Each structure stands twice: as C-alpha cells, then as structure tokens.
Amino acid sequence: MTGTATEPQAIAAQATASWAADPGGSQVELAIGGMTCAACAARVEKKLNRMDGVTAAVNFATEKAKVSYGPGVEVADLIATVEKTGYSAALPPAPGPAAAPRPDGSGNGAGAPGTEGGMDTETRALRERLLVSLVLAAPVVLLAMVPSLQFDNWQWLSLTLAAPVVVWGGLPFHRTAVANARRGAATMDTLVSVGTAAAFGWSLWALFLGDAGMHGMRHGFDLTASRADASSTIYLEVAAGVTVFILLGRYLEARSKRRAGAALRALMELGAKDVAVLRDGVEVRVPVGRLAVGDRFVVRPGEKIATDGRVVEGASAVDASMLTGESVPVDVAVGDGVTGATVNASGRLVVEATRIGADTQLARMARLVEDAQNGKAEMQRLADRISGVFVPVVLVIAVATLVTWLLATDDVTAAFTAAVAVLIIACPCALGLATPTALMVGTGRGAQLGILIKGPEVLESTRRVDTVVLDKTGTVTTGTMALHDVVAAEGTEEAELLRLAGALEHASEHPVARAIATGAAERVGPLPAVEHFENVAGLGVRGVVEGRAVLVGRERLLTAGGATREAGAPELPEKLAAARSAAEAEGRTAVVVAWDGEPRGVLAVADAIKESSAEAIARLRALGLTPVLLTGDNRAVAESVARAVGISTGGPDDSGAVLAEVLPEEKVAAVHRLQAEGRTVAMVGDGVNDAAALAAADLGLAMGTGTDAAIEAGDLTLVRGDLRVAADAIRLSRRTLATIKGNLFWAFGYNVAALPLAAAGLLNPMIAGAAMAFSSVFVVTNSLRLRGFTPSP
C-alpha cells in the first residue's frame, strides 16, 4: 500500500501525478492486490460500480482497476471501498524515468525487475512455499498411490508430512477464504480451502476416531471416487497434493503473467535516465525529469535521445528500431524532429526539447498499450459475469453431489470424494485469464513492432474488415514531390540539362522546384551558382547559369522569354511535346527547360510513391481485403498512382477501386458509401483531413508519422510510415483474437466437461486439483505464443 483512506491529501496529490493525461482528475488507475481469481476481480468491480458516480473495470491479469468518478468522490474513497471488500488498493508510481515500472506489468507498485519490491518478492515467497510443500508432499502422494511402499504405520508419517503442507503451504488460501467468508463472499480460495480442509479433516477423523490409524493399515489409490470403508479411508494425499498443485499453478501463472507484460515493461524502460543539458554553453548532466520544453541538450554517438525534440546542430543517423521496429537508421539534420528513447548512431547532435514527460511519443505509446491491456472485449465481460456467480453455484453443486450420492448409494466415502472433486476442479481462473493475457502479449508484441492497438474491441473489427481505403498523400505516397522523368532534346546531354535546370530551381522555394533541384543534385552532383535569378509569377523562374540565360517552367514561359525557334513553328520539338503529353496523361507535372532561345528538355515531377506501397497492397490483398485509393487529386493522377501500386482502376469486378477528386470534407461520405454497399471498411490515413474518415470507418489505422488528430481518431496506430505495417497490424490483431477465442473455448470447455465428471465420481480429487491448476497455465502459455509473431519478411 502506498496510501490509505486516512491520507486523502497525499493520495489526491499522487492521483494527480499518476493521471497527467487527465488533469480533471476524473479518472484514476488503481493497483489491486490480493485477487486470486476472476471472481475476485468481478467482486471488486461490482463494489466499485455500486458507488454513486463511479464506473470501474477491473482486470484480473494486470491486477488493475481503471476507474472513472464524478464530483464528490475522492480517490481515498475508492481505495477504502476496495479495502472493505477484502483487497488492497494503491496508486501506481507517478510516470517518469525515475519511476521504475512494475515487474509484472500489473500496476502493483513493484520495483524494477530484480528488486525486492512488490510482485518480485511475492513470486519468490510463493516459490519457497511451493518447494517446501513439494518436498513434504511428494512422499505422502507416493505412499498413497503405491501400496507396495506402505509400511507399518505409514499413515502417521503421511500425517506428519501432510499437516504443514495443508496448514502452512495452504495458508494463503485459508486466510483469504476466511476473510471472504466474514464478508459473505466466496472465491476460488474458498473452493480450495474448503476442499483441502475437508479432505484433511476427514483424514484426522479416520485416523483418530476410525480404523485408519490401526497398525498395518493399507489402502489402494483410485482415479475415480473411492468406495472403501469410510472409517479406514484417508485423504492426506488429496489435501497435500491439491495444495501443491494449486501452489504450482499460481507460481507458473505469476511467472507467465510477468512474461506477458515484458513488452510493456521494456517499452517503459527505454527512456534515458539523465541528459547533458547546455547551460550558458556548458554541458550539465541532470536527470531527464528536470528537462523543460525549450532546453537544448547534447546527444553523443551511442547515447539515447532524452526526449522528443528538434535538431538544432549537427547531423547523424538515428536508430529508432526499439520504437518502430524499423531496423534501418534514419538520417537526421538541422530542423528534423527526433523522438525520445531512440539512439544516436553516429554524429554529435544538439537537440531542443519540444515535448517532455507524459507528452512524449514514448509515454503516449506506453499509455496506449496499457489502456488496451486494461480494456475488456465483450467476450471477456461475459466470462467475468459467469465467474462472478460461478463459485457460489459450485458450492451448491458440491452439496448437491454429496446429498445425491448419499441418497443413491449410501456410500459416504464415494459421496465425499465426489463432492471434494467438484469443489477443487471448478475454479474459473482460466476464464478470467483467457482474454487479458492474450491482450497483454498481443498488444505488447505490437508495441515492439511499432503497432499500437487501442483496445480489445478493435480486434473484432479486424476480423470483419473486407475493404481497406487508402489515403493517397502521405500514406501510399510520400507526400513530397520528386523528379521522375528527364527527356532531353536532340543535341542536349541529360547531365547538362539537369545541372543547369537544377541550379536555377535550387534558388526557388516552390515544391516542384525543390524536387527538381534535389533530383538533379542526386544524379549529377554539386550544382553551379545562379545569377540574376527571377521568379515569373505563375509561369516559372529564369536566371543566368554558367553564362547561359536559363528558363524553367510552363511552356508559356518560353514564349514570354523568347525561347521559340521561329514564327509559326511549334513551341516544342515533337520529342519534347510527346514527353510533355505523356507526363500529363500520367498525372505528373511537366516542366520545360530552355536556354539560349531554344527548348532543351522536359522534366516530369510527381508525388513520390513509397517503395513499400506496392508490396503492402499485395499483402493486404492476401488477407482478403479489397484496396481502394482515396484522393483529392484529379483522376489521371489517382489512376497513375493506382496502377503503379497494383490497385485496379475500375472494371466489372472491381469498380470504384479509385475514388478521385474527393474533397477533405467528402472523405467521410466516401467511407459511408462503401459501408452502404455492405462492406466493412478499414481506413488508413495520416492527415488532419483524414481524422473524421478514420473515426467513421469500421477500423481506423493511423500512420504514426501523421498528425495527432489522425492518431487520436484511429483504432490502430502504425508508428512508422510504412504501409506494410498495416498488413502486419491486421495479421497480429486477427491472431490475437483467435488466441482469445481459443483460450475461452478451452476455459469454458474445461469447466463444462470437468464438473459433470467430478460430480459423477469419475475423478480423484488430487487429479482434479492437477487439472484445475494446469488449465490456467495452459491458457497463459497459449497466449505467450503470440510473442513469436513476426512481421512478413
């Protein structure tokens, strides 16, 4: 506990720190301690929701309660309510680099892995209890199961060994069961405690008051309900064995849950711990928590960038693989933005901080992942409702089993054995773990790959989607103009054409001019200087390069500049006129170059298509999705881009695959039209004008390189601007959903099948205990398989 109801001011202050993203204080996240099964989580959730103005969701796997509360409710009241219910509650550590994440990823306030705090210590204590109990219980089980090992008075040795296992080893179960009984509640611990105590109590009665304590007593071991003489039958192996199996299940479950939260813990630990801040030109090493917006700090090769910022000095390559999953470092220079927790791979950088603390991309990513892990799918809500009433129902079934067997057979031993088996096998733990553990692993693995899943309800959408709408600019294309085609006139060298045109355009700030200048410099090297540069409004530019009067722009600029061959002759030679027409037919911008009164060439410029777009669209098709290109550009441009990336431009089987000349405010209507045709639509976009369409789509995928508005509106955020990640995101979401369904099928099937078998006397209680323990382990282990998800090569 980090606070109690007697410390309202301290709690309120910590709540404010813990929820910086919600300055109104209407939400808080509590770490819940002492929950042992889904029924516990359901009980805490029910108690919190009974408070006026409170809405709560409790997650058993993450051991967290996410609570929304209205005026008049204090955080201290919420904590007091949880404590009155029989569990502990605390606020997680305030966010920041100095706050170590909880080692199980569950919000219990534990220290970093390997420390003595929280869950790590609890896990070690659980392991110690398990090992001691195992050493003591093993001979008890062997003596009971192998009659040839039963020597004279073996039963008294079994009692000596079993007693500490049942009393000390099972103490956590008994303590919780008693505490719940005082409040009129029943949980999984109630079933375990009553079952083992009944078996142990029966054995004591048989040993001291019956015939089981007689010298030379022997009895066999049955996989089904025992039908031996009641007074000579002992269940010490059941009491000790079940206790060990439950402890083993708890320990394996705790370890598995810790592994499930490993990705989120790793994400939270990525940030730098200290930073070299420039103070009056001198480097001063300070904790990263003391950084302020506007501070300038130095990042040397190999160091982590402390926070989000903008490069103001230097150039380098930055490794962002830990945030985006992209293995290739990205070159940055003055003016470029950088992200906190990425690694400076080469040169020295001076960065000006633009975002700190909870506003950084790393913090927002961690918050998105954590929110998704705390969410509940509709399937899990059903499982929680079942778990909430399951334990009382099982107690009734156990009593009914006992009475039915007694009335039907008058066999007390068999009746008792069947009733105990019912108590022990019926724990609904697997139901409570089925969804949250898969979500923890799936969302955590997604974060490692640069895929942020906002919540469990998103998973259902990915299964149904059959159409994916792709915004063109910034999604399929780079959103930056680039030089595509260079056609030189007869007698003109291409290198000379590029050198002179590139030099002149280098002096202009127009996007087309920048594209030509950049393309020319890449192909021919350094560009010469320009003299007498002049911008001709609406037509192009002119100036003197290497003593030549150069014109670059629209064809009309040539006439205005006197660059025509002779009166009545065509303004462009046939070769250049054909190149211009071909470029315009492809939706590209055609720029004419002339010098010394003669047309010298045509340059074609267009928005550059991302290298990965064609492959990404092929992958989306392989997932059964029909791609639709959406753009405000004219149809020629749209169809040119569509052909280049493999999207049909229309036809009897694929009409409407290109939606061109769509205004920003019409994008939502375009999505609605597709939905009206019966399609389930996913939308991929990155701009402010995509936000409404992302929200309107059945599934919104926001490119993380885009605007905050688009990211907030999307259901899935793709941290890097690679469209291929969209296919991986849908694959991962579908696999996570399939894992959840598989878990729930196992959990439901196990309880539905096991209860009748136990009630029918077909299961020995010890076998039932082993099966119950390993059902939970199976569900968690099945979820852990998602850690092996790999993006398409």
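Criteria and cut-off values
Residues numbered from 1 in each chain as written. Predicted model: local features only at pLDDT ≥ 70, side-chain atom pairs only at ≥ 80, totals over all residues. Heavy atoms only, no water. UniProt positions renumbered as here; feature names shortened; annotations may be inferred. Helix = DSSP H or I, 4+ residues; strand = E, 2+ residues; numbered from the N terminus. Buried < 20%, exposed > 50% of the residue type's maximum accessible area, 1.4 Å probe, protein only. Contact = heavy atoms within 4.5 Å. Areas by Shrake-Rupley, 256 points an atom, 1.4 Å probe, with all protein chains shown as cover. Arc of directions from axis to C-beta. Patch = residues over 30% accessible without salt bridge, like charges linked within 9 Å, V, L, I, M, F, W, Y side chains within 5 Å. Salt bridge = Lys/Arg side-chain N within 4 Å of Asp/Glu carboxyl O. Pairing = 2+ DSSP bridges. Axes fitted to C-alpha atoms, helices over the stretch in contact; angles between N-to-C directions. Core = buried A, V, L, I, M, F, W, Y, C linked by side-chain atoms within 4.5 Å.

- Under an unreviewed UniProt entry, the protein chain has the name Heavy metal translocating P-type ATPase and belongs to Streptomyces pathocidini.
- The Sequence similarities (unreviewed entry) comment attached to the protein chain in UniProt states, word for word, "Belongs to the cation transport ATPase (P-type) (TC 3.A.3) family. Type IB subfamily."

1. Some thoughts on the overall build of the protein chain
Next up, step 1: Of regular secondary structure, the protein chain possesses 27 helices and 26 strands.
Next up, step 2: Each of the 793 residues in the protein chain was classed as buried or not, and the buried ones make up 53%.
Next up, step 3: Considering only contacts in the protein chain between residues 6 or more positions apart, those separated by 24 or more positions represent 71%.
Next up, step 4: Accessible surface computed for the protein chain: about 32,000 Å², of which carbon and sulfur atoms make up 57%.

2. Remarks on helix H23 (residues 667–676)
Next up, step 1: Of all the positions in H23, only Lys667, Ala670, Val671 and Leu674 are classed as buried. Buried residues of H23 fall within an arc of 100° about the axis and therefore sit on the same side.
Next up, step 2: The inward-facing, buried residues of H23 contact strand S15 (467–471), strand S22 (626–630), strand S23 (658–659), strand S24 (681–685) and helix H24 (691–696).
Next up, step 3: Of the residues trailing H23, Gly678 is marked for its positive phi of about 95°.

3. Thoughts on a nonpolar patch on the surface
Next up, step 1: Side chains of Val399, Leu402, Val403, Leu406, Leu407 and Val412 sit close together on the surface and give an oily, nonpolar patch of about 490 Å² of accessible area.
Next up, step 2: Ranked by the residues each element gives to the nonpolar patch, the list is headed by helix H12 (residues 378–409), at 5 residues.
Next up, step 3: Considering the arrangement of structural elements, one finds Val412 in helix H13 (residues 412–425).

4. What about the sheet that holds strand S19 (residues 548–553)?
Next up, step 1: Taken in spatial order, the 6 strands make up an open sheet running S16-S21-S20-S19-S18-S17, and their pairing is antiparallel. Where the open sheet ends on each side, the last strands, each with one partner, are strand S16 (477–488) and strand S17 (531–536). The average undirected angle you get between the axes of adjacent strands in this sheet is 20°.

5. Points about the nonpolar core
Next up, step 1: Ranked by size, the top nonpolar core spans 132 residues in total, and within it Leu30, Leu48, Leu78 and Leu701 carry the most contacts.
Next up, step 2: By residue number, the principal contributor to this core is helix H26 (residues 724–759), which donates 14 residues.
Next up, step 3: One finds Leu483, Val486, Ala488 and Trp595 within the second-largest nonpolar core, a separate group that totals 22 residues.

6. Digging into the UniProt feature "transmembrane region" (unreviewed entry) in the protein chain
Next up, step 1: Look at the UniProt record and you will see "transmembrane region" (unreviewed entry) annotated at residues 130–148, 154–171, 191–210, 230–249, 386–408, 414–435, 743–760 and 766–784.
Next up, step 2: In the segment residues 191–210, helix accounts for 90% and strand for 0%; the C-alpha atoms at its two ends are 26 Å apart.
Next up, step 3: In residues 743–760, helix accounts for 94% and strand for 0%; the two terminal C-alpha atoms are 26 Å from one another.

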